[in-house]
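Here is what each chain is made of, one letter per residue.
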Amino acid sequence: MVLKRYALHLSILISFLFLFVNSSAENNSQQSHLKLPPAVMQGVSCTIRVAEPDDIKIIQTQLLINGVKRELSEDEKGLYCEYTFDETTEVQLIQQNHVEKRRIVPIPLWLSILPPLIAIMMALITKEVFSSLFIGLLIGTTVIYKYSGVSFFIALFKGAFAIIDTYLMQALLNHEHLSIIIFCMLIGGMVTLISLNGGMKGIVAILSKYANNRRSGQMITYLMGLLIFFDDYANTLVVGNTMRPVTDKLKISREKLAYLVDSTSAPIAAIAFITTWIGAELSYIQQGITEIGLDASAYSVFLQSLKYSFYPILTLIFVPMVIWQKRDFGAMLTAERQAIRHQYEDIRKKGRSPQIMKELEVAEDVTPRWYNAVIPVLIVVFGTMAGLIYTGWDATTWSSQALGFTSKLSKTIGDSDVFSALIWSSLAGVFTAIVLTTSQKILNLKESIEGLINGFKTMFHAILILCLAWSLALLTDHLHTAEFITGILTAINISPQFIPALTFVFAAVIAFSTGSSWGTMAIIYPLILPAIWKIGLDAGLHTDAVLPLFYNAVSCVLAGSVLGDHCSPISDTTILSSLACSCNHIHHVRTQMPYALLVGITALLLGTLPSAFGLPVSVSYLLAAGVLFGFIRLKGKLV
């Protein structure tokens, strides 16, 4: 009876709070004709929109800010006004039959760093990513509502509800995010099916002839990552899922496999000439060169900047160094030794890896056939390429005599619909796997579909992490976290030769905080490219002297984004690497981060900085490669 009474009281309290919070929100939304951004940040320009009924004309609408009338502009969405709130401000809207006053308290910009920072720190300390992401979101939403004028207690409840009904819903309603979810599910279903039909076991048998020890197994994984260069998502999921049974057999830890997959997918996709990244990169670069009036194509600038991409290139050099020397250090060394000592499975069963994909046993009467796995995987790989060309095809581009074949192909892939191509190819791979399985009478149609659905279920854990990470990225966008970080960069008045190095650092910090390398590029490129050009010319440098710095900065945005992506536990590619390799996500981040930071610091100190001051790029690469090799030899220990 006591428990029932407490339960009743608790339910009444929750119901009251829910009704109170929602009724207050409804009243505000019904009465307010002023539309402000989700978060009004101090010192950041925002758009104030005015909702006007059809019977009210623009001359009958007045907007006063601190008693001063502001001019209203009009676009397709209606009336609006741009304003920067630096302090507590009174906004008054006067319409024909409506007068509204709002007291706006802007949120200090430094608070914008708290949600991602706390989420990342909690994830690394607690080794639990769900609660860490949720707490990060809750802190951000509570700050937003607290500064909207409600009490802390109500702000806390409103913030909790907003995580679900605002941020998570918007993350799920994003077309690209839904495409990634569908792609992951289809790949998971296909992998499960080709495991059930003996295809994976057949691949293991074939690769075992070449991957007959730990070194060769890791090297084949690395080479496969280089071959699937055109897209990091496809690279991660295909290579991770294909090589996992092989590396398990060779007692290579899941952490090491996830590192190999993660450290080849993004770096190779970022610097290859024909990738799904190239379209975004070229569009951002084009904005920059248009603003400064540089007489060069975006593609030529990209090609000129590649030699300064120290972090991606050195990462692709560092990985085979580690493999060849058979040495590791830090948390990775511990994970590798546990795998060799047969402790890895025991530790995994104790709950360290709750999101590991369920390994399905192959029936004893199933004959392992390698082509049951290879054919669907090849269809995914080549189908993605075909889909990219199909969706980006433009007859005008291919009939142009001014462009070479590489430029035409690059532009075609840059204009393509990446996510449609991935979904089409993965669906084709699933269909092929079903046909191969049923035609050989390994499983009937009902059993094949059940296996496919089981494969979908194995993706739920990682998809939930992705959704929370996307929600946090949306929150950081509302809070203008990137503006806070880039504001620090622009406030520093230093020599132009240091700008590429600072660009690299700040791009890495932003990518680490937001979990998005593409989002970082979108933010940094428009800011840094005009800035370094102007800073260089203002410092008295000739155009020919500014160009190398400009190319260096172009590559540093890309390189820093990849580094931050590698280190961030809320990065989608890092999460996908953990998923594809069935590795505990936090363990993957903890084991990969020392390697990524080592290469990043080496790239900064021996690559980016010296090259900005005139050291030949080839010398920088030789020095950096020598230091990395020596570090592995001296600090690394034989596994």
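Residues numbered from 1 in each chain as written. Predicted model: local features only at pLDDT ≥ 70, side-chain atom pairs only at ≥ 80, totals over all residues. Heavy atoms only, no water.

## Brief notes about the overall build of the protein
And then number 1: In terms of helices and strands, the protein carries 27 helices and 10 strands.
And then number 2: Counting over 639 residues, the protein shows a buried share of 55%.
And then number 3: For the protein, restricting intrachain contacts to residue pairs at least 6 apart in sequence, the fraction spanning at least 24 positions comes to 77%.
And then number 4: Within the structure as shown, the protein displays about 27,900 Å² of accessible surface, and the carbon and sulfur contribution to it stands at 64%. (Helix = DSSP H or I, 4+ residues; strand = E, 2+ residues; numbered from the N terminus. Buried < 20%, exposed > 50% of the residue type's maximum accessible area, 1.4 Å probe, protein only. Contact = heavy atoms within 4.5 Å. Areas by Shrake-Rupley, 256 points an atom, 1.4 Å probe, with all protein chains shown as cover.)

## Looking at unusual backbone geometry
And then number 1: One non-glycine residue, Lys 326, lies in positive phi territory at about 55 degrees.
And then number 2: Within the secondary structure, Lys 326 sits in the loop between helix H12 (310–325) and strand S9 (327–328).
And then number 3: At Ser 582, a position not held by glycine, the phi torsion is positive, near 50 degrees.
And then number 4: Following the sequence through the fold, Ser 582 ends up in the loop between helix H25 (572–580) and helix H26 (585–612).
And then number 5: Taking the relative accessible area as the measure of exposure, Ser 582 reaches 0% and is therefore buried.

## Focus: a nonpolar patch on the surface
And then number 1: Judged by side-chain polarity, Ile 206, Tyr 210, Trp 370, Tyr 371 and Ile 375 come together as a nonpolar surface patch covering roughly 490 Å² of accessible area.
And then number 2: For Ile 206, the position within the fold is in helix H6 (residues 199–210). (Patch = residues over 30% accessible without salt bridge, like charges linked within 9 Å, V, L, I, M, F, W, Y side chains within 5 Å. Salt bridge = Lys/Arg side-chain N within 4 Å of Asp/Glu carboxyl O.)

## Digging into the pattern of salt bridges
And then number 1: Counted according to the given criterion, the structure contains 5 salt bridges.
And then number 2: Glu 336 is the partner of Arg 214 in a salt bridge, and the nearest nitrogen-oxygen pair spans 2.3 Å. Here Arg 214 is found in helix H7 (residues 214–227), whereas its partner Glu 336 is found in helix H13 (residues 331–340), with 122 residues between them in sequence.
And then number 3: Judged by its relative accessible area of 18%, Arg 214 is buried.
And then number 4: The class of Glu 336 is buried, set by a relative accessible area of 0%.
And then number 5: A salt bridge links Lys 256 to Asp 328, with the shortest nitrogen-to-oxygen separation between them at 3.0 Å. On the criterion of sequence distance, the pair formed by Lys 256 in helix H9 (residues 254–271) and Asp 328 in strand S9 is long-range, its members being 72 residues apart.
And then number 6: Looking at Lys 256, the relative accessible area reads 1%, which means it is buried.

## Points about the packing of aromatic side chains
And then number 1: With the rule as written, the count across this model stands at 13 aromatic pairs.
And then number 2: Each ring, one from Phe 498 and one from Phe 613, has its centre 5.3 Å from the other, and the planes form 75 degrees; the classification is edge-to-face. Within this pair, whereas Phe 498 is found in the loop between helix H21 (481–491) and helix H22 (499–514), its partner Phe 613 is found in the loop between H26 and helix H27 (617–635), the two being separated by 115 residues in sequence.
And then number 3: Taken together, the ring pairs in this structure connect Tyr 259, Phe 318, Phe 329, Tyr 595 and Phe 631 into an aromatic cluster.
And then number 4: The ring of Trp 324 is capped by Arg 215, whose NZ or CZ atom sits 4.1 Å from the centre of that ring. (Phe/Tyr/Trp six-rings, centres within 6.5 Å; stacked < 30°, edge-to-face > 60°. Lys NZ or Arg CZ within 6 Å of the ring centre and 35° of its normal.)

## Thoughts on the sheet that holds strand S3 (residues 62–65)
And then number 1: Spatially, S4-S3-S7-S8 is the arrangement adopted by the 4 strands of the open sheet, whose pairing is antiparallel. The two strands at the open ends of the sheet, each matched to only one other strand, are strand S4 (68–70) and strand S8 (99–104). Neighbour-to-neighbour, the strand axes of the sheet open up by a mean angle of 25 degrees, direction not taken into account.
And then number 2: Direction of pairing for S3 relative to S4: antiparallel, over a ladder of 3 bridges. Its bridge partner being in S4, Leu 64 is matched across the sheet by Lys 69. (Pairing = 2+ DSSP bridges. Axes fitted to C-alpha atoms, helices over the stretch in contact; angles between N-to-C directions.)

## Focus on H12
And then number 1: Compared with an ideal rise of 1.5 Å per residue, which puts 16 residues at 22 Å, H12 spans 22 Å between its outermost C-alpha atoms and is within 8% of the ideal.
And then number 2: Looking one or two places after H12, you find Lys 326, whose phi comes out positive at around 55 degrees. (Expected span 1.5 Å × (residues − 1).)

## Overview of the nonpolar core
And then number 1: Ranked by internal contacts, the top residues of the largest apolar core, which has 79 residues, are Met 190 and Leu 237.
And then number 2: Counting residues in hydrophobic clusters, the runner-up holds 72 residues, among them Tyr 222, Tyr 259, Ala 270 and Leu 306. (Core = buried A, V, L, I, M, F, W, Y, C linked by side-chain atoms within 4.5 Å.)

## Description of the confidence of the model for the protein
Predicted coordinates in regions of low pLDDT should not be interpreted in detail.
And then number 1: Confidence in the prediction for the protein averages 80 pLDDT; 84% of positions are at 70 or higher.
And then number 2: Scored below 50 in pLDDT, residues 23–30 shows 2 contacts in the model against residues more than four places distant or in partner chains.
And then number 3: Counted against residues more than four places away or in other chains, residues 344–360, with its pLDDT under 50, gives 37 contacts. (pLDDT = per-residue confidence, 0-100.)

## Concerning the packing of H9 against H26
And then number 1: Contact pair H9 / H26: the axes reach a minimum separation of 9 Å and the direction vectors enclose 60 degrees. In this view, H9 runs oblique relative to H26, as classed from their interaxial angle. For the pair H9 and H26, the sense of crossing is right-handed. On H26, the residues touching Glu 255, Ala 258, Tyr 259, Asp 262 and Ser 263 of H9 are His 587, His 588, Thr 591, Gln 592 and Tyr 595.
And then number 2: Of the residues assigned to the contact of H9 with H26, the class counts are 3 nonpolar, 5 polar and 2 charged. (Parallel < 35°, antiparallel > 145°, perpendicular 65-115°, else oblique. Left-handed = near helix turned anticlockwise from the far one by under 90°. Nonpolar A, V, L, I, M, F, W, Y, C, P; charged D, E, K, R; others polar.)

## Quick word on the sheet that holds strand S2 (residues 45–50)
And then number 1: Strand order in the open sheet made by the 4 strands is S1-S2-S6-S5, with antiparallel pairing throughout. Each edge of the open sheet carries a strand with a single partner, namely strand S1 (34–35) and strand S5 (73–75).
And then number 2: Taken together, the 2 bridges between S1 and S2 define a ladder with antiparallel strand orientation. Across the sheet, residue Leu 34 finds its bridge partner in S2, namely Val 50.

## A closer look at the pairing of strand S7 (residues 89–94)
And then number 1: The pairing of S3 with S7 spans 4 bridges and is classified as antiparallel. Within the sheet, the bridge partner assigned to Gln 62 lies in S7 and is Ile 94.
And then number 2: In this sheet, S8 lies alongside S7 in antiparallel orientation, the contact comprising 6 bridges. Across the sheet, the residue bridging to Leu 93 is Glu 100, located in S8.
And then number 3: Linking two consecutive strands that pair antiparallel, namely S7 and S8, is a turn of 4 residues.

## Re the state of the cysteines
And then number 1: Enumeration according to the criterion identifies 0 disulfides in this entry.
And then number 2: Just so you know, Cys 46 is unpaired, no disulfide at all, and the nearest cysteine sulfur is the one on Cys 81, 8.8 Å from it.
And then number 3: For Cys 46, a relative accessible area of 7% gives the class buried. (Disulfide = S-S within 2.5 Å.)

## What to know about the packing of H9 against H13
And then number 1: The interhelical angle for the contact between H9 and H13, taken along N-to-C directions, is 125 degrees, at an axis separation of 8 Å. On the basis of their axis angle, the class for H9 and H13 is oblique. Contacts between H9 and H13 involve Glu 255, Lys 256 and Tyr 259 on the former and, on the latter, Met 332, Ala 335 and Glu 336.
And then number 2: Its residues assigned to classes, the contact of H9 with H13 comprises 3 nonpolar, no polar and 3 charged.

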